[in-house]
Amino acid sequence: MNAILNIATYRFVGIADPAALKSTILPQAQALGVKGTILLAPEGINMFLAGAETTVRSFLAILDDDPRFTGLDVKESWSETVPFKRMKIKLKPEIVTFRQANVDPVNAPAPFMPPAELKRRLDAGEELVLLDTRNDVEVAKGTFNNALFWGNTNFTEFGEMAHNKLDDLRDKTVVSFCTGGIRCEKAAPFLQGLGVKNVYQLEGGILRYFEQIGRDHYTGDCFVFDERRAVDASLAANPS
């Protein structure tokens, strides 16, 4: 029985003192028995957590009382066991490492494309560039059919490569995507800044697409950064 609730969520929001926030929420998560990883940075929060449903939802309720984290967009899946060994909170310069200047997903985001809208356009045969912003290990597990992938081994390389890959995107409708959406919150506005005029980010990433649509126009599974290794289109663990 899949009794363990796994959640992934993030938000780009100003955090003036990430260390103080860590000292507050780490004991609360540990007391509840929640396990996983939280990344904190001045630009926001990024979380991958798992545990019994009541404990995970109790921790989310604690965060919800903080105006900075009210109404987080949470992606859920279920597993038989907890895919993390302990609870840890890391302080980082960025909640997703990109190292590119003049990217402000809080105040200058790129437009989102909901999963249903992407499916509608693909069903209609519309010409889109589906730009995979993940790394080579993730892409090997699965990706959208005919997606464009530049071969980067990490997200920082994606930013570096983009300067020399603009001809792949020029005068085209681009839909960037990643696992849960966080990398595209930086990649899409970054590409806009380089002059790509018609660029979207897939809302909620592959996980939200699987949740709402399934495997249509997608081949394989979705790599995840925990002991499950990958989930299939039903969001069930598929480590093989």
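Going by the structure above, here's the rest.
Presented here is an overview of the structure given in this document. Keep in mind it's a predicted model, so treat the numbers as computed, not measured.

The rules behind each value
- Residues numbered from 1 in each chain as written.
- Predicted model: local features only at pLDDT ≥ 70, side-chain atom pairs only at ≥ 80, totals over all residues.
- Heavy atoms only, no water.
- Buried < 20%, exposed > 50% of the residue type's maximum accessible area, 1.4 Å probe, protein only.
- Helix = DSSP H or I, 4+ residues; strand = E, 2+ residues; numbered from the N terminus.
- Arc of directions from axis to C-beta.
- Contact = heavy atoms within 4.5 Å.
- Polar contact = N/O pair within 3.5 Å; in protein donor to acceptor, adjacent residues only side chain to side chain.
- Core = buried A, V, L, I, M, F, W, Y, C linked by side-chain atoms within 4.5 Å.
- Salt bridge = Lys/Arg side-chain N within 4 Å of Asp/Glu carboxyl O.

1. Observations concerning helix α5 (residues 155-162)
- Among all positions in α5, only Phe 155, Thr 156, Phe 158, Gly 159 and Ala 162 are buried. The arc that holds every buried residue of α5, seen down its axis, measures 155°, which confines them to one face.
- Looking at the buried side of α5, the elements it contacts are β7 (129-132) and α6 (184-193).
- The backbone nitrogen of Thr 156 has a side-chain oxygen 3.1 Å away, supplied by the residue at the start of α5, namely Asn 154.

2. Re unusual backbone geometry
- Even without being glycine, Asn 146 reaches a positive phi, approximately 65°.
- Structurally, the position occupied by Asn 146 is in the loop between β8 (142-144) and α5.
- Note on Asn 146: relative accessible area 82%, which makes it exposed.
- Unusually for a residue other than glycine, Arg 229 sits at a positive phi of about 75°.
- By secondary structure assignment, the location of Arg 229 is in the loop between β12 (222-223) and β13 (230-231).

3. Here's the deal with the nonpolar core
- Leu 131, Phe 158, Leu 169, Val 174, Leu 191 and Val 196 are the most contacted members of the largest nonpolar core, which has 23 residues in total.
- For this core, the secondary-structure elements that each account for two or more residues are β1 (4-12), β7, α5 and α6.
- Residue contributions to this core peak at four residues, all from α6.
- Dropping the residues within four chain positions of it, Val 196 is found in contact with Leu 166, Leu 169, Val 174 and Leu 191.
- Formed by 22 residues, the second largest nonpolar core is a distinct cluster that contains Leu 26, Leu 60, Met 87 and Ile 89.

4. Focus: the pattern of salt bridges
- Inspection of every chain in the model, using the stated rule, returns 18 salt bridges.
- Where Lys 119 meets Asp 216, a salt bridge forms, and the shortest distance between an N and an O atom there is 3.6 Å. With a gap of 97 residues between them, Lys 119 in helix α3 (residues 115-123) and Asp 216 in the loop between α7 (205-212) and β11 (218-220) connect regions that are remote in the sequence.
- Ionic contacts of the salt-bridge type, sharing partners, join the residues Glu 117, Arg 120, Arg 121 and Glu 126 into one network.

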